[in-house]
Amino acid sequence: DTHSYRLHVNGSGYAVEAAGNTALLHILRNDLELNSPKYGCGLGECGACTVLIDGVAARSCVLPLRLAEGREIVTLEGLGTPQALHPVQQAFIEAEAAQCGYCTNGMILTIAALLQRQPDPDDATIRNELRYNLCRCGTHIEILRAARLAAD
Ligand code: FES
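Nothing here was measured: the structure is a model prediction, and the numbers come from that model.

Locating Leu65 in the fold gives a position in helix 2 (residues 65–68). Judged by the 23 C-beta atoms lying within 10 Å of it, Leu65 falls in the buried class. Each C-alpha atom, one on Leu65 and one on Leu130, is 25 Å from the other, the two residues being 65 residues apart in sequence. With residues near it in sequence (within four places) discarded, Leu65 still touches Tyr5, Ala18, Gly20, Thr22, Leu24 and Ile27.

Below, the structure written as structure tokens:
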């Protein structure tokens, strides 16, 4: 059954026609052409598909469209622009914290959400926050360095 759902993404309103149990990730990528959230596991376990929902990092691959309606959704496209990078994006560049880049979207959004509510987290807090974001290339040391840079 398809219905019309109203989404609020990166400050703009959208109407989408889809089944309510469609994963938000697919709507973002296929309907809205916002390709920063990545499809990794599709099971809510790797964090590649992370978006912010009302300021909280969430797994869009397991979030049904009907539960996303009316919430404030931010993807990496809405965090900063090439001209005005978000501090976490800038820190990722400075720390050279990307290898293949597939996890980067989720890492940046998760750190941005953390710094929003806790501007000066210690290492243990950053590590704990990132425990559900997997990087298979092993760039965790640089990612931690980027998080610390962004917090400074
Ligand atoms: Fe959503 Fe892995 S693709 S958590």
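Checked against the element boundaries, Asp1 lands in the segment before strand 1 (2–9). Separated by 68 residues in the primary sequence, Asp1 and Glu69 have C-alpha atoms spaced 16 Å apart.

This part is about the packing of helix 3 (residues 87–94) against helix 6 (residues 140–151). Geometry of a packed helix pair, given as the angle between the helix axes and the separation of the axes. Two elements in contact, helix 3 and helix 6, have axes whose closest approach is 8 Å; the angle formed by their N-to-C orientations is 135 degrees. Considering the angle they form, helix 3 stands oblique to helix 6. Considering how the two elements wind past one another, helix 3 and helix 6 form a crossing that is right-handed. Each of Pro87, Val88, Ala91, Phe92 and Glu94 in helix 3 lies in contact with helix 6, whose residues at this interface are Ala146, Leu149 and Ala150. In terms of residue class, the contact of helix 3 with helix 6 is built from seven nonpolar, no polar and one charged.

Criteria and cut-off values
- Residues numbered from 1 in each chain as written.
- Predicted model: local features only at pLDDT ≥ 70, side-chain atom pairs only at ≥ 80, totals over all residues.
- Helix = DSSP H or I, 4+ residues; strand = E, 2+ residues; numbered from the N terminus.
- Buried ≥ 20, exposed ≤ 12 C-beta atoms within 10 Å, placed from the backbone.
- Contact = placed C-beta atoms within 7 Å.
- Axes fitted to C-alpha atoms, helices over the stretch in contact; angles between N-to-C directions.
- Parallel < 35°, antiparallel > 145°, perpendicular 65-115°, else oblique.
- Left-handed = near helix turned anticlockwise from the far one by under 90°.
- Nonpolar A, V, L, I, M, F, W, Y, C, P; charged D, E, K, R; others polar.

Everything listed here is a matter of geometry and, on its own, says nothing about what the molecule does.
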